[in-house]
Amino acid sequence: MNILTVKNLTKNFGGLCANSNVNLEVRPQELVGLIGPNGAGKTTLFNMLTGVYEPSEGEILFAPNGKEIKLNGRKPYKVTKLGIARTFQNIRLFTSLSVIDNVKIAMNKDVKSGVISSILRLPSHYKEEARMEREAMELLAIFHLDEKADELAGNLPYGEQRRLEIARALATKPKLLFLDEPAAGMNPQETAELTALIKEIKQRFQVSIVLIEHDMSLVMKLCERIYVLDYGKVIASGLPEEIRTNKRVIEAYLGEEV
Amino acid sequence: MKNWFTKNNIRWAVFTVLVYALFQYLISVNIINSYYQVVLYNIGINIVLALGLNLIIGYSGQFSLGHAGFMAIGAYCAGLVMLKVDGTVGFLAGIGFGIVMTALIALIIAIPTLRLRGDYLAIATLGFSEVIRIAITNMDDITGGAAGLNNIPKITNFNWIFGVIVISLVLIVNFARSSHGRATASVREDEIAAESMGVNTTKYKTLAFVIGACLASVGGALYAGNFYTLTPGIFGFMKSVDILVIVVFGGMGSLSGSIVAAFLLGLINMFLNDYAELRMIIYSVLIIVIMVYRPNGLFGNKELNINAIFKRKGGKRS
Amino acid sequence: MTIFLQQLVNGLSLGSIFALVALGYTMVYGIIKLINFAHGDIYMVGAYIGYFVITGLHLGVVPAIIIAMAACALLGVVIEKIAYKPLRHASRITSLITAIGVSLFLEYTMQYFMGAGVRTMPDDVLLEGVLQIGGVSITYTQLMIFVIAVLLMLLLQFIVKKTKIGKAMRAVSTDPDAAQLMGINVNATISYTFAIGSALAGAAGVLVGLYYNSISPLMGMTPGLKAFIAAVFGGIGIIPGAMMGGVSIGVLETLVAGYGGSLYKDAVVYVILILILLIKPSGLLGKNEKEKV
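Residues numbered from 1 in each chain as written. Chains lettered and ligands numbered in written order. Predicted model: local features only at pLDDT ≥ 70, side-chain atom pairs only at ≥ 80, totals over all residues.

### Considering the overall build of chain B
Counting its secondary structure elements, chain B contains 14 helices and zero strands. Along the first, second and third principal axes, the C-alpha atoms of chain B reach 55 × 50 × 45 Å. Out of the 318 residues in chain B, the part that is buried amounts to 50%. (Helix = DSSP H or I, 4+ residues; strand = E, 2+ residues; numbered from the N terminus. Buried ≥ 20, exposed ≤ 12 C-beta atoms within 10 Å, placed from the backbone.)

Put into structure tokens, the structure is as follows:
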């Protein structure tokens, strides 16, 4: 069974149609690429899948544990609780909080000790805090950010901010991870490191990943299947080799190397 | 239990006792005479109010201009109970009644209002606060209308005020330095990102708003127990502004900043009392000058560091 | 029905004054996103200037309005330069408190020099006479207020739509950085906005002095808030919205007062504010915008 099934998804903003009749499937542990020219509706699609925008039409079905749940109309935090996490095209860290607090905030959804227990400092509070501290540091270590745990997130260099965003998303313990242009603004060496990192994440955390990316070499190298969006519609989907030679894709990207 | 007695906590406890002893000594030898005591109590009540507002504005990032409304609910609830039940029991019951009523009303206000952002939220809270004040004015049978409540027993004293401040501080700090506090701060930082990380932003905004309102209510109760009379006019828009000025002057998100700012502004107001007619002119110019030259407040969002007072030694993450 | 029409007439003239004040709020908010709490006090200063022109210089209502408008325009520009300009990039809360500081400063400086007491306009400037139309009476003062307010609003529409300054104002309120890049002098445009908004408030001050025939240093507070509510009601930043909002709030208030709810007339205005914010925060004429992710 697919972990994510999208059926005829459509989003209208006033008279503008950002996505129309998008059909998309993601299988467990799969790495899917989502490409398309600027303004093709990729981020809008992410926003619908994560609950930020409500779809105008269509269905989003998510099956984290082998049972399909309809995501339409659920608030973003509820979608996250079900097991979907994301990063943002324009980095959206909690800039004036520390690196480790950024990660701990993403763990908030699983905290069991209540507000009263925190205010009165009951033992359950200390237990939870110790657990979060340990898990957050482990996660940061994977991203080579543990040395900077106490720095303000806003003070990190650009590449590290991108990595922290991925770490923060993983802290929600997702089954499905959306990465919105993770390599944007990175130099070739950083991009190569990121490619390796994404592969490692997929193995270690057993997640399915959908990524939007403009860097074609990264997409072709990483993704097992690719969807191409243009003017809000899926114009092609398939294996990287198929996409590379697809006529409609080349037309959509006319002038760009594929 | 051993978690409670960290070096840091013990230092703060010692510091608190020293401050308490210092003020009690100054009062006992009459350096803080009865006139200064009035000023001091006012400052103390303002601190309680400012801590509550700081939780709303500084921590959760929600801009409220309606703090006086919640203070009014607390003051009137406490005043009404104290007129019926004497002594400490009446005062405590009044504070409790005020908290319950305020929490209820704050919750009713918060659920629809906190969807709004920034200036819109500010104006909506201002509107609610005015509605509360007008409602109190028009409930003649219960509140005495525009003439207000009289002959409320005076129970508020230094111990009450100091105790309330210490308890509020501990509660707020404990809240802020917990998973729930971090989630609240994430709402201030970036609401959309917070929501996408699984934080129920509505819940945490409401939580901070209600706790802040309850602190305003306790501040109101202390006020009621201090001044014998209550009239609706006290709780107008200007009262909310006074508290807001303290919070912004101290630094949004800085509790120690709020305390220092409340003291400074309280003392400035005391000195300005000698210039009766010019007082408000000088005060308004001061507000403008402070905002223009220190837009981030005295402390920014930093806190006074206890370790820096005791010893020059960097603290580890706690 | 007659009572209703009578209150409607009263409301229209009061509302047109609110509308003039609301325009200043909306223009300033539109351009620098500041709730200019001092705006209601500029209206108070306008009322005092009008009063002194009429009683001291023995001039008529029209010269009083023109002089009050000029003086208030200058005052508005000076306030912006001294108090708001340094804070253009500070947090909104800081500028808001500064605006409250300016408001207090104007109120208490006026009180210091003029005393807290209420002053009344001399009888001879008030237009005696009442127009009777089917049981509804319209005083000449009401008529004059309405006509002057409408003329000023038409003038404003002309400035905003047809002149270079108006174009610059619209450009800066849409995107100050882009406007700057297109060679628009942003600082000058903001000054013009304050000047025009404050001039309208000054005119409203003189008119309200004639309407209620009493002025005092604290007269600007409540009408200021109500005018702001009017601006939010119509959709803040939108000029026709402020006009519509002002008239609606004025009519509403007089209707509530006219039907025996005068104790609650302020509460009604706030309840309307809360309702509009909850149902359509962008105001009646505003567009809902969602933050881009």
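Structure shown, so let's carry the discussion forward.
### Some remarks on the interface of chain A and chain B
Taken together, the contact between chain A and chain B spans 31 residues of the former and 26 residues of the latter. Partitioning the side of chain A that touches chain B into residue classes produces 13 nonpolar, eight polar and 10 charged. (Contact = placed C-beta atoms within 7 Å. Nonpolar A, V, L, I, M, F, W, Y, C, P; charged D, E, K, R; others polar.)

### Overview of the environment of K33 of chain C
Residue position: K33 of chain C is located in the loop between α1 (2-32) and α2 (39-55). K33 of chain C sits 78 residues away from Q111 of chain C along the chain, and the two C-alpha atoms are 29 Å apart.

### Structural notes on unusual backbone geometry
The phi angle at Q29 of chain A is positive, at roughly 60°, despite the residue not being glycine. Within the secondary structure, Q29 of chain A sits in the loop between β2 (16-26) and β3 (31-35).

### Focus on the UniProt feature "transmembrane region" (unreviewed entry) in chain B
UniProt feature "transmembrane region" (unreviewed entry): in the numbering of this structure it lies at residues 12-32, 38-57, 64-83, 89-111, 157-176, 206-223, 243-268 and 280-296 of chain B. Helix makes up 100% of residues 89-111 of chain B and strand 0%. Its end C-alpha atoms lie 33 Å apart. (UniProt positions renumbered as here; feature names shortened; annotations may be inferred.)

### Some words on the nonpolar core
Grouped together as the largest cluster of nonpolar side chains are 279 residues, with contacts concentrated most on I17, A19, L20, A68, A203 and L207 of chain C. Those residues in contact with A203 of chain C, other than ones at most four positions away along the chain, are L20, G46, I65, A68, M69 and L152 of chain C. (Core = buried A, V, L, I, M, F, W, Y, C linked by C-beta atoms within 7 Å.)

### What about the sheet that holds β2 of chain A?
All names here are of chain A. In spatial order, the strands read β2-β1-β4-β5; together these four strands make up an open sheet with antiparallel pairing. Every other strand in the sheet has two partners, leaving β2 and β5 (69-70) as the edge strands with one partner each. Relative to β5, strand β4 (residues 57-62) runs antiparallel, the two being bridged by two bridges. Across the sheet, the residue bridging to L61 is K70, located in β5. Its contacts with the sheet put helix α1 (residues 42-49) on β1 (4-13), β2 and β4, and the angle it makes with β2 is roughly 65°. (Pairing = 2+ DSSP bridges. Axes fitted to C-alpha atoms, helices over the stretch in contact; angles between N-to-C directions.)

### Some thoughts on the packing of helix α2 (residues 34-59) of chain B against helix α10 (residues 201-227) of chain B
All names here are of chain B. α10 packs onto α2 with a crossing angle of 170° between their chain directions and a minimal axis gap of 8 Å. For the element pair α2 / α10, the angle class is roughly antiparallel. Across from Y41, I45, V48, L49, L51, G52, L53, L55, I56 and Y59 in α2, the residues of α10 making contact are A208, F209, I211, G212, A213, L215, A216, V218, G219, L222, Y223 and N226. A breakdown of the residues in the contact of α2 with α10 according to their chemical character gives 18 nonpolar, four polar and no charged. (Parallel < 35°, antiparallel > 145°, perpendicular 65-115°, else oblique.)

### Quick word on the packing of α1 of chain C against α2 of chain C
All names here are of chain C. The interhelical angle for the contact between α1 and α2, taken along N-to-C directions, is 135°, at an axis separation of 10 Å. With respect to α2, the axis of α1 lies oblique. Seen along the crossing, α1 lies across α2 with a hand that is right-handed. Seen from α1, the contacting residues are V21, G24 and Y25; seen from α2, they are H39, G40 and Y43. Residue composition of the contact of α1 with α2, grouped by class: three nonpolar, three polar and no charged. (Left-handed = near helix turned anticlockwise from the far one by under 90°.)

### Quick notes on the UniProt feature "transmembrane region" (unreviewed entry) in chain C
Summarizing the sequence annotation, UniProt attributes the feature "transmembrane region" (unreviewed entry) to residues 12-35, 42-59, 96-118, 138-160, 190-212, 227-255 and 267-286 of chain C in the numbering used throughout. Annotated as residues 12-35 of chain C, this span is 88% helix and 0% strand, and its ends, taken at the C-alpha atoms, are 25 Å apart.

### Digging into the interface of chain C and chain B
Taken together, the contact between chain C and chain B spans 33 residues of the former and 30 residues of the latter. Secondary-structure elements contributing two or more residues to the side of chain C that touches chain B are α4 (92-114) and α11 (265-279) of chain C. Counting residues per element, the side of chain C that touches chain B draws most heavily on α4 of chain C, which supplies 13 residues. Here the residues of the side of chain C that touches chain B sort into 25 nonpolar, five polar and three charged.

### Considerations on the sheet that holds strand β6 (residues 84-86) of chain A
All names here are of chain A. Across the sheet, which stays open at both edges, the six strands sit in the order β6-β7-β8-β3-β9-β10 with mixed pairing between neighbours. Single-partner strands in this sheet number two, and they are β6 and β10 (233-238). The sheet shows a mean angle of 20° between the axes of neighbouring strands, taken without regard to direction. In this structure, β3 lies alongside strand β9 (residues 225-230), joined through four bridges in parallel fashion. The residue of β9 that forms the bridge with V32 is R225. α1 contacts β3, β6, β7 (176-180), β8 (208-212) and β9 of the sheet and is inclined by roughly 150° relative to β7.

### Topic: the confidence of the model for chain C
Residues and elements named next belong to chain C. Per-residue confidence for chain C gives a mean pLDDT of 88; residues scoring 70 or more make up 97%. Between the elements of chain C, mean pLDDT differs from a low of 81, seen in strand β1 (residues 130-133), to a high of 94, seen in helix α3 (residues 61-84). Taken over the whole predicted complex, pTM reads 0.90, whereas the ipTM for its chain interfaces reads 0.91. (pLDDT = per-residue confidence, 0-100.)

### Concerning helix α13 (residues 279-293) of chain B
The terminal C-alpha atoms of α13 of chain B lie 21 Å apart, and with 15 residues this matches the ideal 21 Å at 1.5 Å per residue to within 8%. If you check which residues of α13 of chain B are buried, you get I281, Y283, S284, I287, I288, I290 and M291 of chain B. On the buried face of α13 of chain B, the contacting elements are α11 (237-250) and α12 (255-272) of chain B together with α3 and α4 of chain C. (Expected span 1.5 Å × (residues − 1).)

### Let's talk about the pairing of strand β2 (residues 136-139) of chain C
Residue and element names in this part refer to chain C. Here β1 pairs with β2 via four bridges, running antiparallel. In the strand pairing of β2, V130 is matched with T139. In this structure, the hairpin formed by β1 and β2 is closed by a connection of two residues, where G134 is found at a positive phi of approximately 50°.

### Regarding the pairing of β10 of chain A
Pairing of β9 of chain A with β10 of chain A involves five bridges; the strand directions are antiparallel. Bridging from a neighbouring strand, L229 of chain A pairs with V234 of chain A of β10 of chain A.

### Observations concerning the environment of M244 of chain C
Residues and elements named next belong to chain C. With respect to the element layout, M244 can be found in helix α10 (residues 239-258). The spatial distance from the C-alpha of M244 to the C-alpha of L284 is 9.1 Å, given a sequence separation of 40 residues. Residues contacting M244, with those up to four places away along its chain left out, are G234 and L284.

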